Amino acid sequence: MKIYGSRVSYYTGKLEAYLKYKGVPYTLHGMPYDRADELKEKVGSIQMPIVDREDGRWMSDTTPILFELEKEMPDNPILPDDPVVAFIAKLLEDYADEWLWRSAMHYRWSYRYSRELISNILVDEISTPVPLPRFVVRRMIRRRQIKYFTKRDGLTPSTWPHIEQGYFNALDGMTRILEQRPYLLGTRPSLADFGFMAPMFRHFSQDPDPEEIMRTRAPLVYEWVARMWSARQVPEGAFVTEISDEMTPMLKEVCETHLQQLAANATAYGADQSRFEMNVQGCEYRDMPVSRYRVYCLERLREHFQAMDTAHQEKVKSLLPYKEAAILWDTGFNVTSGYDEGRHLPYGHAINVYGEGTP
Ligand SMILES: N[C@@H](CCC(=O)N[C@@H](CS)C(=O)NCC(=O)O)C(=O)O
């Protein structure tokens, strides 16, 4: 497989960790922005990573990519057998994919060491020659990223501490679990671990500012990142069959933050709004862009919940006794994204988090 992406990209790192785990050979290439029209025709939105299977098929969006590849490589599955544990794996993956993104972007672009380092790397990865001095291109990159990935996504002086607290809470929640076992849901990596690799690998453990925090505050997480990166299929590993107390702080955090955001976003989408507000753990986020893609994320989680039998549904409810979790099973809630109704993903056209692309 040919992977188009970046060696510092959130989702490219997640996909690479999975491909290495499964022993799939691949090569990593910079994004061919000079072939934008062709990419749009193949995958819709131009976002990283894009997979060229070199047989005419192209894939994008890491969550459906992982599910698709799991069908092709069913040995050592990353989804636990137990329906409750599998549901928790999906929920954790979605939180890592979609909630921790804001903190990861903030630490990368709001702090000088990280911003300087990453703009230096990105300028070299652009495959199309830009006829401008290097320092000008780096400044353009920094300005674009700050504008689109921090300010547009709710970073203000008043949300700044909460966005950083979100990172600390993730580290503390993971530490609590990793004190018990080598991976989040057992002695082998699950979908949840690959999801957490997105923020924890290429951003938090490698951008100098959050890396310093991880090393000092959460050495077990630092160790887990390296363990995940070198993980190869271990048939003797097992998943937990019970979700026990060490998961509680993490699950509480996921509900209070990610599910609160998914609910506020989807409610605004259902009311045809393009901006929304949310109060997360007492912090007010205002003038946020509504994301159609995240309506789809919530829809998929709700579908997975509905697909469980009643006993398993009750078990999940008892594990998530927080008001924000009710959106997962609220039968009065009926907002849908209309996206990927034909379930073509990861093939065909995808949209990005802001709904850009041609579904
Ligand atoms: N849901 C997608 C998200 C992909 C995504 O947002 N990738 C980011 C970089 S890690 C991107 O390409 N952003 C657009 C840009 O930087 O221009 C996935 O899981 O693959």
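Residues numbered from 1 in each chain as written. Predicted model: local features only at pLDDT ≥ 70, side-chain atom pairs only at ≥ 80, totals over all residues. Heavy atoms only, no water.

1. Considering the sheet that holds strand E3 (residues 50-52)
Here we have 4 strands laid out as an open sheet, ordered E2-E1-E3-E4, and mixed in their pairing. The outermost strands of the open sheet, each flanked by one partner alone, are strand E2 (27-30) and strand E4 (58-60). Averaged over all pairs of adjacent strands, the angle between strand axes in this sheet comes to 25°, irrespective of strand direction. Along the sheet face, helix H2 (residues 36-43) touches E3 and E4 and points at about 80° away from the line of E4. (Pairing = 2+ DSSP bridges. Helix = DSSP H or I, 4+ residues; strand = E, 2+ residues; numbered from the N terminus. Axes fitted to C-alpha atoms, helices over the stretch in contact; angles between N-to-C directions. Contact = heavy atoms within 4.5 Å.)

2. Describing the pairing of strand E1 (residues 2-5)
In this sheet, E2 lies alongside E1 in parallel orientation, the contact comprising 4 bridges. Bridging across to E2, Ile3 finds its partner in Leu28. Of the crossover connections in this fold, the one passing from E1 over helix H1 (residues 10-22) to the parallel E2 is right-handed. (Right-handed = clockwise from strand over helix to strand, strands pointing away.)

3. With respect to a nonpolar patch on the surface
Taken together, the side chains of Val130, Leu132 and Met140 define a hydrophobic patch exposed on the protein surface, amounting to about 250 Å² of accessible area. For Met140, the position within the fold is in helix H7 (residues 134-151). The exposure class of Met140 is partly exposed, given its relative accessible area of 46%. (Patch = residues over 30% accessible without salt bridge, like charges linked within 9 Å, V, L, I, M, F, W, Y side chains within 5 Å. Areas by Shrake-Rupley, 256 points an atom, 1.4 Å probe, with all protein chains shown as cover. Salt bridge = Lys/Arg side-chain N within 4 Å of Asp/Glu carboxyl O. Buried < 20%, exposed > 50% of the residue type's maximum accessible area, 1.4 Å probe, protein only.)

4. Looking at the domain arrangement of the protein
Domain assignment breaks the protein into domain 1 (2-72) and domain 2 (83-104 + 158-328). Just the C-alpha atoms count here: the centres of domain 1 and domain 2 sit 22 Å apart. Interface area for domain 1 against domain 2, summed over the two sides, is near 2000 Å², with a carbon-plus-sulfur share of 60%. Between the two partners, domain 1 and domain 2, sit 3 salt bridges. (Domains from an automatic or database assignment. Buried area = accessible area lost by both parts, 1.4 Å probe.)

5. A short note on the site of the ligand
Neighbouring the ligand are Ser9, Tyr10, Tyr11, Gln47, Met48, Pro49, Asp61, Thr62, Trp101, Arg144, Phe149 and Tyr293. Here Asp61 contributes a side-chain N or O atom positioned 3.0 Å from a nitrogen atom of the ligand. One nitrogen or oxygen atom from the side chain of Arg144 is found 2.7 Å from an oxygen atom belonging to the ligand. Considered on its own, the ligand offers 510 Å² of accessible surface; in the complex 87% of this is hidden by protein. Looking at the shell around the ligand, the elements that each hand over two or more residues are H1 and H7. (Near = heavy atom within 4 Å. Polar contact = N/O pair within 3.5 Å; in protein donor to acceptor, adjacent residues only side chain to side chain.)

6. Digging into the pattern of salt bridges
Applying the stated criterion across every chain, the model contains 26 salt bridges. As a salt-bridge pair, Arg275 and Asp287 come within 2.8 Å of each other at their nearest N and O atoms. Of this pair, Arg275 sits in strand E5 (residues 275-280) while Asp287 sits in strand E6 (residues 283-289), and the two are 12 residues apart along the sequence. Residue Arg275 is classed as partly exposed on the basis of its relative accessible area of 35%.

7. What about the side chain of His258?
Position of His258 among the secondary structure elements: in helix H12 (residues 248-270). Among the residues examined, His258 registers a relative accessible area of 0% and is labelled buried. Residues within four places of His258 in sequence aside, it is in contact with Asp94, Tyr95, Glu98, Trp99 and Glu253.

8. Remarks on the packing of aromatic side chains
Applying the stated criterion across every chain, the model contains 20 aromatic pairs. Residues Trp101 and Phe149 carry aromatic rings whose centres are separated by 5.7 Å and whose planes lie at 90° to one another, so their mutual orientation is edge-to-face. Taken together, the residues span a long stretch of sequence, with Trp101 in helix H5 (residues 100-110) and Phe149 in helix H7 at a distance of 48 residues. A relative accessible area of 11% places Trp101 in the buried class. For Phe149, a relative accessible area of 15% puts it in the buried group. Seen from their ring centres, Tyr167 and Phe168 are 6.3 Å apart, and the 40° between their planes marks the pair as tilted. By the burial criterion, Tyr167 is buried, and Phe168 matches it. Taken together, the ring pairs in this structure connect Tyr107, Tyr111, Trp160, Tyr167, Phe168 and Phe204 into an aromatic cluster. Stacked on the ring of Phe239, the Lys or Arg Arg188 has its end atom at 5.4 Å from the ring centre. (Phe/Tyr/Trp six-rings, centres within 6.5 Å; stacked < 30°, edge-to-face > 60°. Lys NZ or Arg CZ within 6 Å of the ring centre and 35° of its normal.)

9. Considering the nonpolar core
Judged by nonpolar contacts, the single largest core of 114 residues is most densely connected at Phe196, Met200, Trp224 and Leu320. At 10 residues, the largest contribution of residues to this core is made by H12. Counting contributing residues per domain, this core is built from domain 1 (2-72) and domain 2 (83-104 + 158-328), each supplying no fewer than three. Apart from residues lying up to four places away in sequence, Phe196 is in contact with Leu92, Tyr95, Ala96, Leu100, Met174, Leu184, Trp224 and Met250. In terms of nonpolar packing, the next biggest core, distinct from the first, is built from 6 residues, Tyr4, Met31, Leu39 and Ile50 among them. (Core = buried A, V, L, I, M, F, W, Y, C linked by side-chain atoms within 4.5 Å.)

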